[in-house]
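Chain by chain, the residues run as shown.
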Amino acid sequence: MNSNDTNPGGSAPEHHQAASPPPSEPASTSSTISTPGYSREHPIPQDSILADYRDFVRGVSELPDALIVAPALALCGKLLTPHVTLDFGSQKPLTIYNYIATPAGLRKSTTFAPAEKIAQKILMSDDLIAGNASDSALFDTFESQPHRLQFEDEGNTILRSWETSAYGREVSARYLKLYDGAPWHQNFRRECKGHEDGKAERSLPQATLSLCIGSTFGVARLSQLESGCGLRRRFGFYVATEQARDIWWPETLQGAELDRLADLFQELTLLKGSVGRASLTRDAMSYWVMLQKRNRHRCKSIPGYTDGDESLLSSLNESPVRCLKLAVIFQACRWARGSIKDPFVITDDILAMAEAHQDSCLDAMVYIEGVGRRSQVDDTGEWLMAQISSDHHASPVPHCAVYTKTELTRRFAANPGRPGALTASRLYGEIIPHLIAQGRCKLFSKKGKLVTYAFRWD
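Parameters and conventions
- Residues numbered from 1 in each chain as written.
- Predicted model: local features only at pLDDT ≥ 70, side-chain atom pairs only at ≥ 80, totals over all residues.
- Heavy atoms only, no water.
- Salt bridge = Lys/Arg side-chain N within 4 Å of Asp/Glu carboxyl O.
- Helix = DSSP H or I, 4+ residues; strand = E, 2+ residues; numbered from the N terminus.
- Pairing = 2+ DSSP bridges.
- Axes fitted to C-alpha atoms, helices over the stretch in contact; angles between N-to-C directions.
- Buried < 20%, exposed > 50% of the residue type's maximum accessible area, 1.4 Å probe, protein only.
- Arc of directions from axis to C-beta.
- pLDDT = per-residue confidence, 0-100.
- Contact = heavy atoms within 4.5 Å.
- Core = buried A, V, L, I, M, F, W, Y, C linked by side-chain atoms within 4.5 Å.
- Disulfide = S-S within 2.5 Å.
- Parallel < 35°, antiparallel > 145°, perpendicular 65-115°, else oblique.
- Left-handed = near helix turned anticlockwise from the far one by under 90°.
- Nonpolar A, V, L, I, M, F, W, Y, C, P; charged D, E, K, R; others polar.

## Overview of the pattern of salt bridges
And step 1. Applying the stated criterion to the full structure yields 22 salt bridges.
And step 2. Taking the shortest distance from any N to any O, the salt bridge between Arg107 and Glu62 comes out at 2.8 Å. Taken as a pair, Arg107 in the loop between β4 (97-101) and α3 (108-122) and Glu62 in the loop between α1 (49-57) and α2 (65-80) lie far apart in primary sequence, 45 residues in all.
And step 3. The partner of Arg202 in a salt bridge is Glu143, with the nearest N and O atoms 2.6 Å apart. Highlighted residues: Arg202 in strand β8 (residues 201-204) and Glu143 in helix α4 (residues 135-144), separated in sequence by 59 residues.
And step 4. Each member of the salt-bridge network shares a partner with another, and the members are Arg54, Asp55, Arg58, Asp65 and Arg245.

## Focus on the sheet that holds strand β12 (residues 273-275)
And step 1. Taken in spatial order, the three strands make up an open sheet running β3-β2-β12, and their pairing is mixed. Two strands lie at the open edges of the sheet, namely β3 (90-93) and β12, each paired on one side alone. Sheet twist, expressed as the average angle between the axes of neighbouring strands with direction ignored, equals 40 degrees.
And step 2. Relative to β12, strand β2 (residues 84-88) runs parallel, the two being bridged by three bridges. Paired with Leu86 across the bridge in β12 is Val275.

## Overview of helix α13 (residues 405-412)
Residue pairs spaced three or four apart in an α-helix point in one direction, given the helix's 3.6 residues per turn.
And step 1. Buried within α13 are the following residues: Glu407, Leu408, Arg411 and Phe412. Buried residues in α13, looked at end-on, bunch into an arc of 100 degrees, giving them a common side.

## Observations concerning the pairing of strand β9 (residues 208-215)
And step 1. Counting buried residues along β9, eight of its eight residues qualify, which places the element largely inside the surrounding structure.
And step 2. Alternating positions in β9 separate into two faces, Thr208, Ser210, Cys212 and Gly214 on one and Leu209, Leu211, Ile213 and Ser215 on the other, with burial throughout.
And step 3. Sheet topology places β4 next to β9; five bridges connect them, and they run parallel. In the sheet register, Tyr99 faces β9, and the bridge partner there is Ile213.
And step 4. Examined bridge by bridge, strand β6 (residues 147-152) and β9 share six bridges and lie parallel to one another. What sits directly across from Leu149, in β9, is Ser210.

## Concerning the confidence of the model for the chain
As a general rule, the predicted coordinates of low-pLDDT regions are not to be interpreted in detail.
And step 1. Mean pLDDT for the chain: 85, with 87% of residues reaching 70 or above.
And step 2. In this model residues 1-18 is a low-confidence stretch, pLDDT under 50, and it forms 62 contacts with partners more than four residues away in sequence or in other chains.
And step 3. Within the model, the stretch residues 25-36 combines pLDDT values under 50 with 26 contacts to residues more than four positions away or in other chains.

## Digging into the nonpolar core
And step 1. Counting 70 residues, the largest nonpolar core has Phe265 and Leu268 as the members making the most contacts within it.
And step 2. The dominant element in this core, judged by the number of residues it contributes, is α2, at twelve residues.
And step 3. Apart from residues no more than four positions distant in its own chain, Leu268 is found in contact with Ile49, Cys76, Leu79, Leu80, Ala332, Cys333 and Ala336.
And step 4. Among the nonpolar cores identified, the runner-up in size contains 39 residues, and Ala101, Cys299, Leu316 and Leu362 belong to it.

## With respect to the state of the cysteines
Among covalent bonds in proteins, the disulfide is the one between the sulfur atoms of two cysteines.
And step 1. Tallying each qualifying case throughout the model produces zero disulfides.
And step 2. Cysteine Cys323 remains unbridged, with the sulfur of Cys361 as its closest cysteine sulfur at 9.1 Å.

## A short note on the sheet that holds strand β14 (residues 441-447)
And step 1. Ordered in space as β13-β15-β14, the three strands form an open sheet in which the pairing is antiparallel. Here the strands that pair on one side only, and so sit at the sheet edges, are β13 (400-404) and β14. Neighbour-to-neighbour, the strand axes of this sheet turn through a mean angle of 20 degrees, independent of strand direction.
And step 2. Across six bridges, the pairing between β14 and strand β15 (residues 450-456) is antiparallel. Bridge pairing in β15 places Lys447 opposite Leu450.
And step 3. In the packing of α13 onto the sheet, the strands contacted are β13 and β15, and the crossing angle to β13 comes to about 95 degrees.

## Points about the pairing of β15
And step 1. Among the seven residues that make up β15, five are buried, leaving the element largely enclosed by the rest of the structure.
And step 2. Where β13 and β15 come together, five bridges link them in antiparallel fashion. Pairing of Ala401 across the sheet is with Phe455, part of β15.
And step 3. Where β14 folds back on β15, the antiparallel hairpin that results is connected by two residues, among which Gly448 adopts a positive phi of roughly 65 degrees.

## Re the packing of α13 against helix α14 (residues 424-438)
And step 1. Contact geometry of α13 with α14 gives a least axis separation of 10 Å together with a crossing angle of 115 degrees. In terms of axis orientation, α13 runs roughly perpendicular to α14. Handedness of the crossing formed by α13 with α14: right-handed. For the pair α13 and α14, contact is made by Lys405, Leu408 and Thr409 and by Ala424, Leu427, Tyr428 and Ile432, respectively.
And step 2. Split into classes, the residues belonging to the contact of α13 with α14 amount to five nonpolar, one polar and one charged.

What follows is the structure, encoded as structure tokens:
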């Protein structure tokens, strides 16, 4: 299976100007080492081409097995789409969105490279897209080939453009519909002259994308995207904080073994059909009901008060369908290996494996949320201390300041409705406790409703 965490003095401050917003030895070519950081098992069938692929890429990539498999799953989604569908309320494509998050410099590119090489061997050039584009340019791309695959091993750039540019925000919203395989309609008057019929209206009955993005933790929460909540719901997350092995000389990506793997993956393009209710065995259907009950119970247990709660709740809503998609892909990959005869039969054991894999993706998302949240709290705490020290640079008592709770709120959390502004709940629920834990703040006094905090800095 895959391997896959002294009392300060000073008077109360006077009125101040508005604060700026807070900062939202090598004996062989490969040897195994321990992974002290985040590690979570993302199981896959051992009698499948996914396991063959993983075993080969272990000689190329130093990342844990779960991250090795993530691009291959997106490739499988593309190879099966649009000829294999999931009949669940509607005919859903087997599109897969996966997200790999690591610290900078952990060689994500070498983990994407084998899947990219296989894709280039068995797909046409117009099956693949890369980079960023406007919604209109993206439509032109999908008009020639409506079912595409995208690998972005350096996803920070594209994600930043989705955050900061108008066309990027439009494109990120389009990716929600590409995952769902929705129809796509364009109506740009300026395009009339470029088409023989002179019409501005163009449409695609269906456009799909399977996607795998790699980035650092800084942007992985997708919290600055207008469509971030929808994208998080669709992504399966895979996280590594440390490498899983040392590779002194990577395997070649031009040899016979990669060709053999490419031939095996190409078998997936021969499948045609739909997986529906009748595809599940009796035991699988019983397991499916229990899976959904567990999922709904977990949804009800989430308070939903924080951004992290909302992210998890949103992802849980998509989780059962993603489990089904993974189960179909697992069976298809076992069939391509010759391990089973009928890839359209879903058994309870394969559904259980898909659920375990998806649960690991959810755990990874929660980990990313926690890392990002801690970083955000630390950044905001530093901003708050910078503002306070600036206010009191000429104080009679150096490096000290005292604020009442009312003054803190008025000074630093007076605009809770402004985007990116610090709110009172965050100030007293996260930032002040964080500074207290660091020894930079303390509860100075409490007399009835009058609460006073003291701050110290170097």
